[in-house]
Amino acid sequence: MQRKVALVTGGTGGIGTAICRELAQQGCRVVAGYVPSDREVAESWRETQRTLGHDVGVVAGDVTSFESSGEMVREVEANVGPIDILVNCAGITRDKTLRKMEKDQWDAVINTNLNSAFNVTRQVIEGMVTRGYGRIVNISSVNGQRGQFGQTNYSAAKAGIHGFTMALAQEVASRGVTVNTVSPGYVATSMALAVPEEIRKQIVAQIPLGRLATPEEIAFTVGFLVDTRCAYVTGANIAVNGGLYMS
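Owing to the predicted nature of the structure, the values given are computational and were not obtained by experimental measurement.

Rules of the game
- Residues numbered from 1 in each chain as written.
- Predicted model: local features only at pLDDT ≥ 70, side-chain atom pairs only at ≥ 80, totals over all residues.
- Heavy atoms only, no water.
- Helix = DSSP H or I, 4+ residues; strand = E, 2+ residues; numbered from the N terminus.
- Expected span 1.5 Å × (residues − 1).
- Buried < 20%, exposed > 50% of the residue type's maximum accessible area, 1.4 Å probe, protein only.
- Contact = heavy atoms within 4.5 Å.
- Salt bridge = Lys/Arg side-chain N within 4 Å of Asp/Glu carboxyl O.
- Polar contact = N/O pair within 3.5 Å; in protein donor to acceptor, adjacent residues only side chain to side chain.
- Core = buried A, V, L, I, M, F, W, Y, C linked by side-chain atoms within 4.5 Å.
- Phe/Tyr/Trp six-rings, centres within 6.5 Å; stacked < 30°, edge-to-face > 60°.
- Lys NZ or Arg CZ within 6 Å of the ring centre and 35° of its normal.

*Asks:* What should I look at first to understand helix 1 (residues 14-25) in this one?
*Replies:* The α-helix advances 3.6 residues per turn, and as a result positions three or four apart in sequence lie on the same side. Across its twelve residues, helix 1 extends 17 Å between first and last C-alpha, which sits within 8% of the 16 Å expected from 1.5 Å per residue. Among the twelve residues that make up helix 1, nine are buried, leaving the element largely enclosed by the rest of the structure. Listed as buried for helix 1 are Ile15, Gly16, Thr17, Ala18, Ile19, Cys20, Glu22, Leu23 and Ala24.

Okay, structure coming up:
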């Protein structure tokens, strides 16, 4: 059976790394997207993954730019093959209460966390529909479901991600393409672990399971959704948040 080609935007980040490893272990040919300015970091990351036994490629692309996203996808298709699996995982935070938020902080988060889903997905969707197969997973957040103080930009973008998922899922369902959302809670990445311990304890105290998620737990859920056998789940938003928000 021909190996599936997977592109993971934000693939060199904490959650992105775990997703890349999960898909590589499933036998996919995986390429991790990274910000063009981070080339040296991305190359070092790739060598680390290979040392650990994960054969993952890297590709530069600014997901806030439609043109750069197109160049990124074309590079993957030319060097690896048509993209069967897309995981939109790129994301940033610029936290401030709305009363103190600057427009550039709003724009940066909306462009990176929401507009990127259009910029990249638009480049691959026609090919998936034409071939009659595709798996798209969009990474949202528990804070896109419940909102979060100081994150009007982030919460709006992440809520928008699932609206995008549900609409696109309806458009391409009849063509063998599924589109789903995964909404992680608080995950033990370097970003979360950089939060002062006292604040981290307050966060954990709110989580019924009493701990942060591991990146691998998020990746496992993505792996389930992109499996060829997972053909009857589309338009879903799967919460992986330890019970922090239930609906």
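*Asks:* Looking at this structure, how should I read the side chain of Thr178?
*Replies:* Residue placement: Thr178 occurs in strand 6 (residues 177-184). Once residues lying within four places of it in the same chain are set aside, the contact partners of Thr178 are Gly134, Arg135, Ile136, Leu225, Cys230, Ala231, Val233 and Thr234.

*Asks:* Can you walk me through the pattern of salt bridges in this structure?
*Replies:* Two side chains with opposite charge may pair up if their charged atoms get near one another. All chains considered together, the criterion is met by six salt bridges. Asp107 is the partner of Lys103 in a salt bridge, and the nearest nitrogen-oxygen pair spans 2.6 Å. In this pair, Lys103 and Asp107 both sit in helix 4 (residues 103-131), four residues apart, roughly one turn of the helix. Note that Glu197 is salt-bridged to Lys201, the shortest N-O span being 3.7 Å. With Glu197 and Lys201 both in helix 8 (residues 197-205) and four residues apart, this pair spans about one turn of that helix.

*Asks:* Explain the side chain of Thr112 here, please?
*Replies:* Looking at the secondary structure, you find Thr112 in helix 4. Here the side chain of Thr112 touches Ala108 through a polar contact of 2.8 Å, landing on its backbone oxygen. Apart from residues lying up to four places away in sequence, Thr112 is in contact with Val63, Thr64, Ala90, Gly91 and Ile92.

*Asks:* In this structure, what is going on with the environment of Asn153? I would like to understand it.
*Replies:* With respect to the helices and strands, the residue Asn153 is situated in helix 6 (residues 152-172). We classify Asn153 as buried; its relative accessible area is 0%. Sequence separation between Asn153 and Thr93 is 60 residues; the distance between their C-alpha atoms is 8.3 Å. When neighbours within four sequence positions are excluded, Asn153 is seen to be in contact with Arg94, Met101, Gln105, Trp106, Val109 and Ile110. For Asn153, the side chain forms a polar contact with the main-chain oxygen of Arg94, separated by 3.0 Å.

*Asks:* Explain the nonpolar core to me, please; I cannot follow it from the model alone.
*Replies:* The nonpolar side chains of a soluble globular protein tend to be buried, and buried together. Ranked by internal contacts, the top residues of the largest apolar core, which has 31 residues, are Ile19, Leu23, Val30 and Val87. Elements that contribute at least two residues to this core include exactly strand 1 (5-9), helix 1, strand 2 (29-34), helix 2 (39-51), strand 3 (56-60), strand 4 (85-88), strand 5 (134-139) and helix 9 (215-226). It is helix 1 that contributes the most residues to this core, six residues altogether. Not counting residues up to four positions away in its chain, the partners in contact with Val30 are Ala6, Val8, Cys20, Leu23, Ala24, Asp55, Val56 and Gly57. Listed in part, the 22 residues of the second largest apolar core include Val59, Val63, Val76 and Leu86.

*Asks:* Is there a simple way to explain the packing of aromatic side chains in this structure?
*Replies:* How two aromatic rings sit relative to each other is set out by the distance from centre to centre and by the angle between their planes. By the definition in use, this model includes one aromatic pair. Note on Phe66 and Phe118: the rings are 5.7 Å apart at their centroids and 20° apart in plane angle, and the pair reads as stacked. Taken together, the residues span a long stretch of sequence, with Phe66 in helix 3 (residues 66-79) and Phe118 in helix 4 at a distance of 52 residues. Judged by its relative accessible area of 33%, Phe66 is partly exposed. Against the face of Tyr133 rests Lys4, its NZ or CZ located 4.2 Å from the ring centre.

All quantities given are derived from atomic positions and should not be read as evidence of function.
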